[in-house]
Amino acid sequence: SIYVKFALKEDAIAKVLPSLSGKMVSILIWTTTPWTLPANLALAVHPDITYVAAEINGEVAIIAEERIEPLRETLSLKGVLHRFKGAVLEGGKAKHPFIERDSKIILGDFVSLAEGTGIVHIAPGHGEDDYEAGLKYGLDIYAPVDDKGCFTEEIKDFAGQNVFKANQEIIDLLKSKDALLASEKITHSYPHCWRCKKPVIFRATEQWFISMEKNDLRKKALSEIDKVNWIPRWGRERIYGMVENRPDWCISRQRAWGVPITVFRCKSCKNFLMDREAIERIVSEVEKAGADIWFIKSATELLPEGYRCKSCGGSDFIKEQDIMDVWFDSGVSHAAVVEADKRLSWPSNLYLEGSDQHRGWFQSSLLCSTGTRDMSPYKAVLTHGFVVDGQGKKMSKSLGNVISPQEVISKHGAEILRLWASAADYREDMRISKEILERLVEAYRKIRNTCRFLLGNIYDFDYTSSIDRKSLLEIDRLAMSKLQRLIQRVNRAYENFEFHEVFHSIYNFCVIDMSSFYLDILKDRLYTFKANSQERRASQWVIYKVLVALTKMMAPILSFTAEEIWGFIKEKEESVFLSEFPEVEQEFLDEKLEKKWEGLLKIRDEVNKALELKRQEKFIGNSLEAKITLFLSDAKYNLLKEYTTFLPALFIVSSIEIFKDGKAPHDAYVSSEIDGLAIAIEKAPGHKCERCWNWSLDVGKYEDYPELCGRCYKVLKG
């Protein structure tokens, strides 16, 4: 940390501090990088900060007023002679402390009072603010440091020295010139390589750029952004803002590997060779031997024989040593891969990557394609979050919270990993933990068990048979309508890449619409009706349709499970992946029926609550041991009256009675969800049928089958 004096020239003193004419007046700067002083071309002050001419060791130095107290002891500051705003210094000049040149005084809003003297030394070739200020004031972008971090021949006293090693020698030189006011060691943040942690230096160099304005590249790119389907929608705003405000694209890098920028420069006139003859020869060489040929062959070998510069006739040429920005490499993948492969189509239907790629691959691809083909290389772009642990923390080996894909596959199988990937909302960061995986294992088991039940109950079903829609019971038609709704939701979710919606829709259908409702009620028909009865065949036809559609819908996610199920379904296609994806059968969509059954299902939920309370009291075990009596309002009574014979099956009880506005017993369950509904539960009359488990007064009535109810007796006797 050094404080350096830049002697103010007499004309500047006369303009700002006329009373001090003839005296030694210096502008005082502070820097932690002495090695940048050889490249100093200016001194920056803030236009609105108040500066003072203060006495230091019998001399006069200019410093920001607010920095006097923090630096009083360090710099031996005495009294203040004059006060003025920084703006009055603009245009003045000071002498460089050890090089024969002037430093121009300029204004800069970036000048801060947080540290130093409130005056910043400007080296346009060694800092971003310095560079911008240099452009504004027409300064030379001067960077006398070579590619190895050593001073060039322009700095005679330090030529060939590494800049960091030259720090102390520069400090010693300042002392000898009486330009060093103070020097000390401090600890502070310094630019460094994120990987090896070594310090880095800033150096302005010649680079290759793609203009965002020439040929309207920015305008075209912004127009194409609005034609793309961004998933999620905020992706459009993100990339639009980046392209709208981005500077020209710097496409050159100084590295020892990569795709070279294949351009020659004439040694004599310094012009680049841009004629077709030269370029086509280079293209031909790269086509034959790959891009590395640029580094292997000399200029003479790469150019046509006897080639001369079209501008000056020179015959000596310099090869460009810079490589392409690697984002340019990935940005042209649409041309190198998609256009080149006959099996693919251009533009791509979808690009997908993490949310950091709006400034990376998504953008470089857009610019490369729009600049060369006037359109985007993709129709849609999907952005996903990153995988984090169960608490939302980034995974880290040091934290011990890393879960590897192989670990999940080894323990649970690939299906659970695939299920997790689909169940998580990828638009946010995706959480994974042992607890989350265990829940998904349970969800997978429920989906699998539903399919096992469906398969197990079509063992004697004729797959080639058709069915008359009129033979379906109302509950069968409801199941078919709900299946069409599921197909609608799942198809839409796949089309919109909402895979978590696919998982939740299939899971809820299996658990709620099938296992807890339709299949639960269907067991009686499947197990106790005559095997070839119209009612049983109708139910088998429905569950077969459900199973086939479910298997196809889950196949993109639960691929192995779907293929395993398909092996037991007697369909003509060898693999589920060779079959057509399910489409909605419009004739089975019945919105009116679904609406009507919403009321029935709400009553069923309340009956299940009442039965569960009696089960907890040990009054009943199986719900078939119960007889229920419902006391209903007019509207609900009229709804249920239509289903009188079906109600025992709906509620899975042995018998049921319904009353309109009757007085319920004092121990009846009164619904808090449905006004005017009370449910009384008592033991079902009669005895238990050993075949269907329903309680009936018929049991014991038949001499040849005394253990059967009337319904089961008819099935067995034909």
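Coordinates for the structure precede this section.
Description of the structure in this document. Being a predicted model, the structure only gives us computed values, none of them experimental. (Residues numbered from 1 in each chain as written. Predicted model: local features only at pLDDT ≥ 70, side-chain atom pairs only at ≥ 80, totals over all residues. Heavy atoms only, no water.)

A few words on the overall build of the chain. For the chain, the helix and strand inventory stands at 23 helices and 27 strands. Taken across its 718 residues, the chain has 47% of its residues classed as buried. Working note: accessible area of the chain is about 38,200 Å², and carbon and sulfur atoms make up 50% of it. Charge centroids of the chain, computed over 100 positive and 106 negative side chains, lie 2 Å from each other. (Helix = DSSP H or I, 4+ residues; strand = E, 2+ residues; numbered from the N terminus. Buried < 20%, exposed > 50% of the residue type's maximum accessible area, 1.4 Å probe, protein only. Areas by Shrake-Rupley, 256 points an atom, 1.4 Å probe, with all protein chains shown as cover. Lys, Arg positive; Asp, Glu negative; His and termini not counted. Charge placed at Lys NZ, Arg CZ, Asp CG, Glu CD.)

In the structure shown here, the tally under the stated rule is two cavities of 30 Å³ or more. Each pocket or cavity is described by its volume, and for the largest cavity that value is around 50 Å³. Lining the largest cavity are L419, I447, V502, F503, I506, M554, I557 and L558. Ranked by the residues each element gives to the lining of the largest cavity, the list is headed by helix α17 (residues 499–528), at three residues. Residues belonging to the lining of the largest cavity are distributed by class as follows: eight nonpolar, no polar and no charged. Of the residues forming the lining of the second largest cavity, the biggest block, three residues, is contributed by strand β5 (residues 59–64). Partitioning the lining of the second largest cavity into residue classes produces four nonpolar, one polar and two charged. (1 Å grid on protein atoms, 1.4 Å probe; cavity = no way out; pocket = protein on both sides within 12 Å on 5 of 7 lines; lining within 4 Å. Points joined across faces, edges and corners; volume = space filled by probe spheres on them. Nonpolar A, V, L, I, M, F, W, Y, C, P; charged D, E, K, R; others polar.)

Time to look at the packing of helix α14 (residues 414–423) against helix α15 (residues 434–456). Packed helices, taken two at a time, are described by the angle their axes make and the gap between the axes. At a closest axis distance of 10 Å, the pairing of α14 and α15 adopts a crossing angle of 105°. Looking at the two axes, α14 sits roughly perpendicular to α15. Touching E415, I416, L419, W420 and A423 of α14 are I436, L437, L440, V441 and Y444, all from α15. In terms of residue class, the contact of α14 with α15 is built from nine nonpolar, no polar and one charged. (Axes fitted to C-alpha atoms, helices over the stretch in contact; angles between N-to-C directions. Parallel < 35°, antiparallel > 145°, perpendicular 65-115°, else oblique. Contact = heavy atoms within 4.5 Å.)

For the rest of this paragraph, the subject is α15. Taking 1.5 Å per residue, 23 residues should reach 33 Å; α15 reaches 32 Å between its end C-alpha atoms and fits that length. Restricting attention to buried positions, one finds in α15 the residues I436, L437, L440, V441, A443, Y444, I447, T450, C451, F453, L454 and L455. Residues of α15 that are buried make contact with α13 (405–412), α14, β21 (430–431), α17, α18 (534–554) and α19 (559–566). (Expected span 1.5 Å × (residues − 1).)

The next thing to look at is the nonpolar core. Most often, soluble globular proteins have nonpolar side chains that are buried together. If you look at the biggest cluster of nonpolar residues, it comprises 103 residues, and the most contacted ones within it are Y518, L630 and F651. In terms of residue count, the dominant contributor to this core is α17 (14 residues). Those residues in contact with Y518 that lie beyond four places of it in its chain are I475, D476, A479, D513, S539, V542 and I543. Core analysis: the second largest hydrophobic core is formed by 53 residues, L17, I105, Y137 and I155 among them. (Core = buried A, V, L, I, M, F, W, Y, C linked by side-chain atoms within 4.5 Å.)

Attention now goes to a nonpolar patch on the surface. On the surface, W257, V326 and W327 cluster together into a nonpolar patch covering about 310 Å² of accessible area. Here W257 falls in the exposed class, since its relative accessible area comes to 51%. (Patch = residues over 30% accessible without salt bridge, like charges linked within 9 Å, V, L, I, M, F, W, Y side chains within 5 Å. Salt bridge = Lys/Arg side-chain N within 4 Å of Asp/Glu carboxyl O.)

For helix α20 (residues 591–616), built from 26 residues, the straight-helix expectation of 38 Å at 1.5 Å per residue is met to within 8% by its first-to-last C-alpha distance of 37 Å. Largest kink in α20: about 25°, centred on E598. All of the buried residues along α20 are L593, E594, W597, G599, L600, I603, R604, E606, V607, A610, L611 and K614. In the segment just after α20, K618 is the residue with positive phi, at about 65°. (Bend = angle between axes of the 7 residues up to and from the residue.)

In spatial order, the strands read β7-β8-β3-β9; together these four strands make up an open sheet with mixed pairing. Where the open sheet ends on each side, the last strands, each with one partner, are β7 (93–95) and β9 (119–122). Recorded for the sheet is a direction-independent mean angle of 30° between the axes of neighbouring strands. As judged from the three bridges shared by β7 and strand β8 (residues 102–107), these two strands associate in the antiparallel manner. Note on β8: the bridge partner recorded for K95 is D102. Against the sheet, helix α3 (residues 128–137) touches β8 and β9, its axis set at about 95° to β8. (Pairing = 2+ DSSP bridges.)

This next bit is on the side chain of S671. By the secondary structure assignment, S671 is in the loop between β24 (669–670) and β25 (678–683). Side-chain polar atoms of S671 contact the side chain of E606, separated by 2.8 Å. If near-sequence neighbours (up to four positions away) are discounted, S671 is found in contact with E606 and L677. (Polar contact = N/O pair within 3.5 Å; in protein donor to acceptor, adjacent residues only side chain to side chain.)

Going through the model one piece at a time under the given rule, you end up with 24 aromatic pairs. With a centroid separation of 4.8 Å and an interplanar angle of 50°, the aromatic rings of F264 and W294 are classed as tilted. With a gap of 30 residues between them, F264 in strand β15 (residues 264–266) and W294 in helix α8 (residues 293–296) connect regions that are remote in the sequence. For the pair shown, F264 and W294 are each scored as buried. A cation sits over an aromatic face here: K614 above F619, 5.1 Å from the ring centre. The aromatic ring of W693 is capped on one face by K688, whose charged end is 4.6 Å from the ring centroid. (Phe/Tyr/Trp six-rings, centres within 6.5 Å; stacked < 30°, edge-to-face > 60°. Lys NZ or Arg CZ within 6 Å of the ring centre and 35° of its normal.)

In this section: the pairing of strand β18 (residues 348–354). By the bridge criterion, six bridges tie β18 to strand β19 (residues 378–384) in an arrangement that is parallel. Looking across to β19, one finds that G354 is bridged to H384. Chirality of the crossover, the property in question, places the unit of β18, helix α12 (residues 361–373) and β19 among those that are right-handed. (Right-handed = clockwise from strand over helix to strand, strands pointing away.)

Per the counting criterion, the structure on display carries 44 salt bridges. Between D325 and R253 there is a salt bridge; the shortest N-O distance is 3.5 Å. Separated by 72 residues along the polypeptide, D325 in the loop between β17 (323–324) and α10 (326–331) and R253 in strand β14 (residues 252–253) bring together distant segments of the chain. What makes R253 partly exposed here is its relative accessible area of 28%.

Interhelical geometry of helix α16 (residues 474–495) versus α20 gives an angle of 110° and a closest axis separation of 10 Å. In terms of axis orientation, α16 runs roughly perpendicular to α20. Here α16 and α20 pass one another in a crossing that is left-handed. In contact with E474, I475, R477, L478, S481, K482 and R485 of α16, α20 contributes E591, L593, E594, K596 and W597. (Left-handed = near helix turned anticlockwise from the far one by under 90°.)

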